[in-house]
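Structure at a glance
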Amino acid sequence: MKPLLKLLASLELTIGAFVLAMVLILFGTIDQANLGIHGATEKYFYTVFVTQYIPAIDINVPYMPGGYLIGFALLVNMTAAMIYRFRLSTQKIGIWMVHLGFVLLLLGEFISSVFQEEASLTIDEGQTVDFTESFRDSELAIIDTTYPDKDRVYAIPQAMLERKQQIAIDELPFNISVDEFMPNSVVQRRNESTPDFARLANRGIGLQAYAIQVPETGKMNDRNVPAAIITLFSKSNGQEDPEVLGTWLVREFIPNQTVTYQDREYTILMRREREMINYAITLKDFSHDRYLGTNIPKNFSSDVTVHDKTTGLEQDFLIYMNNPLRYDDLTFYQQGFMNDDKTTILQVVRNPGRSLPYISCTIMTLGLVVQFGLSLQRFSKKRKKVAA
Amino acid sequence: MKRSLFTIIALCLFFGTIYSNYKRQTPKSPLDYDSLGKVPVVLNGRIQPLDSVARNTLLAINGKSTATYQDGSRHKPIEWLAEVLFQPQLAVDRPVFRIHDDGLRAILPYKEPDQSGNMIKRMILGSGSSHHYYSLNEIRTAYDKIRQDAIEASEIEGQLRNRYQNAVVNLANNVIRFYNLTRTVHHGESPSFVDELTALQTIIPAAIEETEKQQRGEEFDSSKLSPMLGFMQVYRTFESEALFFTHPMPPVEGEQTWKKMSVALDEITRDGKPSEITQLYATLVDSYRQGDAATFNQAVPQLLSAIESIDSEAASKAKAERLFNYLSPFYVSIVGYVIVLLLAVFSWPLASQGLNRAAYWTTVAVFAFHTIGMGFRVYIIDYAPVINLYSSAIYVGWGATLLALIIEKLFKNGIGSFVASVIGIGSLIVAHHLIDGKDTLEQMKAVLDSNFWLTVHVLTVTFGYASTFFAGFVAIFYVIAGLTTNLITKQIAKMLSSVVFGIVCFSTLFSFFGTVTGGIWADQSWGRFWGWDPKENGAILLVLWNVIILHARWGGFAKTRGIMAMAIFGNVVTSWSWMGTNMLGIGLHSYGFMNSAFQYLAGFWILQLVFILLAYIPQNRWKSPVNG
């Protein structure tokens, strides 16, 4: 067992992992120009291996260790070193702090990469909103609008649409079949020259327009606009063939489409995936100052009221740059604005590991100060000896 | 006394440079341009003196800090600006627009390369580039095409434009900027500004009376109204064209605002008489046009004190900035560092303690002057010293010099001074090239507008760059001096190795702390501690490389030479983090995008690799007895 432990605890492994980490980070940075930050992060850092898809053999070939593997190697290396090599002494306290802090830092980044969620919240002045919208994922919403006072919403997440399966919801009188799903799309007008494969839809907007799949984007300021072709058909009880209601094209940014079936009205639409929150946020005022005679933003801020649905409490907050609102387990940051400064865009983040980097970095910085302080002390003692 | 002779001579030389540079800034003219340069205005969202407006504009359109007129005479920026503002009819014939692009010059009137002067000199130096400079009137002949091409080119993303497209967009912007300057103080539609104001005051009362009649629904005399309406028409059209704000307004609830000349003129139609500042500007315009130096020189101080009485802070900041321009601390510091370099180099073969002392004390003086320059910038703009790539370059040179002074204090052998001078010269020249025709004292965008984080994060991380460069340059010194001279004895080699190791420890601490505080800032303002943004990744690369060096030494994998080679590679890593990541043009930190500089960066990297190779020439071939 000893030789293995020796290898795991070795400085060779440490340096090797660090060098690989540098190479990985360099590649992961340069490739951002093609994949965008999100795409590159997923490909290089939040993965065990970096792979390249080879079409000829139809598999993803790993060619470089990914962020998870290198992080794990460092974790094992350090734990082994602590057991096998590190000595417990007051002279080594700096070393211990730096390495323990680093273990925490790696764990913290791992937790963030798995659990951190980001969404956004867009509010017009005077409007109240009680849900956040995902940055990346969409959902298919089927809204029962039969009763004027209350809508019932059935939302199907993007992950289910991607599987292109049949979806049955107990409360709905029809099943939904996802015939086609495009992770990113553009729409075009449908006319005589439209190819047959784009003529699947036979109801609603799909009669005038069709969607074409385009490559997914990973760019920071760009977002995928997924589209789907769905067919609704009645729930059969096994005896008769199901009745087909029709085939629709659904996509964000096209008008809502309605279906009437068994005396009930439904609206079907594709939208950004929503998450309901337990409180409602009202935007009272958005302000945006610029430097005199320029378009450089000097400051922008959102004056909001948070109404807690469970306690009934109401509180006012001012969200501005470098001053986010932290409420419940979410944090709201001032991200942007639109609509002639009448609409605010807040970034919403949930990160259970938020405090870990703070703790680990404090420990590490103190450790470095202690360690280098001790070295400096030894150095000046030596100099004095030489001088004497 | 004899011991300090060289020190005194070197310091006199440096202070003499400061003085002669300062004296050189004053234009030779009967007009009081020195005072005119102090007049504060608001441009690009910040208060600045006319002297800075002149320098930055001239640099942007002309690429130089002097304007050469059609008769070959050379003029200071403020002289040129005064003509543009006060007598545009003459300024439009000055060939100040620099056009290097051949394609762009082809659509403009042909200009003969300069054939005058000494033929031999011409053969050696070429015919010069005077035919690359055009006046506004010459450009006007082809302006329709230029405008059309510029509009088309501006729809293409900056990185994808070709040389002609870049040049044409640049030229169109400069023409607009120039034109707007001519319409900032006076619209130029009447020959005398003062007469115009007088005429305005005589017609206003009657016109106001008629307006009131009109509002009451009574009969009114439109012939008394129309002259005023004519003026208002002119004033309102030139409002959007004016480049800067000229009139400070009395503060309302502590908020200071400024107005443009056109607005101030338009308000005369309401108040009945012009403000003191308007009247003084009018006097300046007229006396300039008439060449009346006495009146001009009397009006400038009056204008200054009129502005000071409303916005005293603006007046003192503008004065400080003009002084800063005159001192040009970073240019003069380059000269200072050259003096240090020479002193240090000659101190070794001559084994002169005197030269060594002189190098040290000159470094102290240059460092002080460099610090004063940064202090001016902090005072002028109220931000921490590093706000953009330009100021980071200045700060890197400063940080390296600070470290060098500490090292020199400890070891007193001139090596610290020498390395400081090399990094000082290099970083200040890099900074000079980063100006690129822009105002480097810029206002911070909202997200970056936090002096606390600018100080804690940016200053530490940039100090990390400075210290890594310092270690790298000490290592280069070890290699080059070891190979070519017999300077590096075993003792010196040991000293250099402990200096490099110490500095690497130091820069690990700084770059780590700087990176971490960057993460905390990002968590505070964007909601994520770490986002794998190029600049963040660059910073972590630097930390990782320093950590690798430390572990390599602790593990005994690298001895003196290995540590030196690794420290030289640290230069590559640092320059990537500092400049290279900005060239990707992506991410949140891509302020100051540069596309043309990549070749220089690549050249720098190749040079570092050459140094590393040189380090591995067998040491028995080195001239220095590095191993005793």
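Residues numbered from 1 in each chain as written. Chains lettered and ligands numbered in written order. Predicted model: local features only at pLDDT ≥ 70, side-chain atom pairs only at ≥ 80, totals over all residues.

1. Regarding the overall build of chain A
- A count of helical and extended segments in chain A gives seven helices and 18 strands.
- Compactness check: chain A gives a C-alpha radius of gyration of 28 Å against a globular reference of 21 Å for 388 residues, more than 25% above the reference.
- In chain A, which comprises 388 residues, the share counted as buried stands at 27%.
- Taking the intrachain contacts of chain A between residues at least 6 apart in sequence as the baseline, contacts between residues at least 24 apart amount to 58%. (Helix = DSSP H or I, 4+ residues; strand = E, 2+ residues; numbered from the N terminus. Rg over C-alpha atoms; globule rule 2.2 N^0.38 Å. Buried ≥ 20, exposed ≤ 12 C-beta atoms within 10 Å, placed from the backbone. Contact = placed C-beta atoms within 7 Å.)

2. Here we look at the overall build of chain B
- Scanning chain B from terminus to terminus reveals 25 helices and eight strands.
- Taking the principal axes of the C-alpha coordinates as reference, chain B spans close to 105 × 65 × 55 Å.
- Across the 628 residues that make up chain B, the buried fraction comes to 48%.
- Counting contacts in chain B only where the partners sit at least 6 residues apart, residues at least 24 apart contribute 75% of the total.

3. Details of the interface of chain A and chain B
- Across the contact, 45 residues belong to chain A and 46 residues belong to chain B.
- Where the side of chain A that touches chain B is concerned, the elements lending two or more residues are α2 (11-30), α3 (32-45), α5 (93-115), β14 (297-308), β17 (330-338), β18 (343-350) and α7 (355-387) of chain A.
- Among the elements that take part in the side of chain A that touches chain B, α2 of chain A stands out by supplying 11 residues, more than any other.
- Of the residues belonging to the side of chain A that touches chain B, the class tally is 28 nonpolar, 15 polar and two charged. (Nonpolar A, V, L, I, M, F, W, Y, C, P; charged D, E, K, R; others polar.)

4. Remarks on the packing of helix α11 (residues 193-216) of chain B against helix α12 (residues 222-239) of chain B
Residues and elements named next belong to chain B.
- As a packed pair, α11 and α12 sit with axes 8 Å apart at the nearest point and diverge in direction by 115°. Here α11 runs over α12; the crossing is left-handed. Residues L200, I203, I204, A206, A207, E210 and T211 of α11 lie in contact with α12, whose contacting residues are K224, L225, P227, M228 and F231.
- Among the residues forming the contact of α11 with α12, the class breakdown is nine nonpolar, one polar and two charged. (Axes fitted to C-alpha atoms, helices over the stretch in contact; angles between N-to-C directions. Left-handed = near helix turned anticlockwise from the far one by under 90°.)

5. Considerations on helix α16 (residues 312-327) of chain B
Residue and element names in this part refer to chain B.
- Look at α16: 23 Å from first C-alpha to last across 16 residues, which is about the 22 Å you get at 1.5 Å a residue.
- Considered for burial, the residues of α16 that qualify are A314, A315, K317, A318, E321, R322, F324 and N325.
- Looking one or two residues past α16, S328 carries a phi angle of roughly 35°, positive in sign. (Expected span 1.5 Å × (residues − 1).)

6. A look at the domain arrangement of chain B
Residue and element names in this part refer to chain B.
- Under the domain assignment, chain B is made up of domain 1 (1-23 + 328-443), domain 2 (51-182), domain 3 (193-318) and domain 4 (450-628).
- Placing a centre on the C-alpha atoms of domain 1 and another on those of domain 4 gives a separation of 21 Å.
- With 22 residues of domain 1 at the contact, the number on the domain 4 side is 22 residues.
- Top contributing element to the side of domain 1 that touches domain 4 by residue count: helix α19 (residues 389-411), with 10 residues.
- Per-class residue counts for the side of domain 1 that touches domain 4 are 19 nonpolar, three polar and no charged. (Domains from an automatic or database assignment.)

7. Digging into the sheet that holds strand β7 (residues 174-182) of chain A
Residues and elements named next belong to chain A.
- Spatial ordering of the open sheet is given by β6-β7-β10-β11, a layout of four strands whose pairing is antiparallel. What marks the edges here is a single partner per strand, and that holds for β6 (166-168) and β11 (244-251). Here the average twist between neighbouring strands, direction ignored, is 25°.
- Judged from the three bridges that link them, β6 and β7 form a sheet pairing that is antiparallel. Residue pairing across strands places I167 opposite I176, the latter belonging to β7. (Pairing = 2+ DSSP bridges.)

8. What to know about the nonpolar core
Residues and elements named next belong to chain B.
- Within the largest apolar cluster, 122 residues are counted, with the highest numbers of intra-cluster contacts made by V419, F470, V474, A475, V500, M564 and A567.
- When residues of this core are assigned to their parent elements, the largest contribution, 16 residues, is made by helix α21 (residues 451-484).
- Residues contacting A567, with those up to four places away along its chain left out, are A471, G472, A475, V500, V504 and I549. (Core = buried A, V, L, I, M, F, W, Y, C linked by C-beta atoms within 7 Å.)

9. Focus on the environment of T184 of chain B
Residues and elements named next belong to chain B.
- Inspection of the secondary structure puts T184 in the loop between α10 (163-182) and α11.
- Judged by the 24 C-beta atoms lying within 10 Å of it, T184 falls in the buried class.
- Aside from chain neighbours lying at most four places away, what touches T184 is L85, A242, L243, F244 and M261.

10. Quick word on the environment of N537 of chain B
- Turning to its location among the elements, N537 of chain B is positioned in helix α23 (residues 534-554).
- A tally of 26 C-beta atoms within 10 Å means that N537 of chain B is categorised as buried.
- With 169 residues separating them along the chain, N537 of chain B and A368 of chain B place their C-alpha atoms 34 Å apart.
- Once residues lying within four places of it in the same chain are set aside, the contact partners of N537 of chain B are I25, G28 and T29 of chain A together with W532 of chain B.

11. Here's the deal with the pairing of strand β1 (residues 40-43) of chain B
All names here are of chain B.
- Residues P40 and V42 of β1 are buried on one face, and the alternating residues V41 and L43, pointing to the opposite face, are buried as well.
- Here β1 pairs with strand β2 (residues 46-49) via four bridges, running antiparallel. Considered in β2, the bridge of V42 is made with I47.
- Counting the residues between successive antiparallel strands, the hairpin from β1 to β2 contains two residues, one of them, N44, with a positive phi of roughly 55°.

12. Things to note about the confidence of the model for chain A
- With 97% of its residues at a pLDDT of 70 or more, chain A has an overall mean of 86.
- Looking over chain A, one finds the lowest element-wise mean pLDDT in helix α1 (residues 2-8) of chain A, namely 83, and the highest in α2 of chain A, namely 93. (pLDDT = per-residue confidence, 0-100.)

13. Section: the confidence of the model for chain B
- Of the residues in chain B, 94% reach a pLDDT of 70 or more, and the chain-wide mean stands at 87.
- Scored as a complex, the prediction yields pTM 0.86 and ipTM 0.85.

14. Some points on the environment of V304 of chain A
All names here are of chain A.
- Inspection of the secondary structure assignment puts V304 in strand β14.
- Between the C-alpha atoms of V304 and E125, which are 179 residues apart in sequence, the distance is 9.4 Å.
- Ignoring any residue separated from it by four or fewer positions in sequence, one finds V304 in contact with I281, T282, L283, K284, F317 and I319.

15. A look at unusual backbone geometry
- Notably, D328 of chain A is not glycine yet its phi reads approximately 55°, a positive angle.
- Note that D328 of chain A resides in the loop between β16 (325-327) and β17.

16. Observations concerning the packing of helix α3 (residues 50-62) of chain B against helix α4 (residues 77-86) of chain B
All names here are of chain B.
- The interhelical angle for the contact between α3 and α4, taken along N-to-C directions, is 95°, at an axis separation of 8 Å. With respect to α4, the element α3 is oriented roughly perpendicular. Where α3 abuts α4, its residues L50, D51, V53, A54, R55, T57 and L58 lie against P77, I78, W80 and L81.
- Residue classes in the contact of α3 with α4 are distributed as eight nonpolar, one polar and two charged. (Parallel < 35°, antiparallel > 145°, perpendicular 65-115°, else oblique.)

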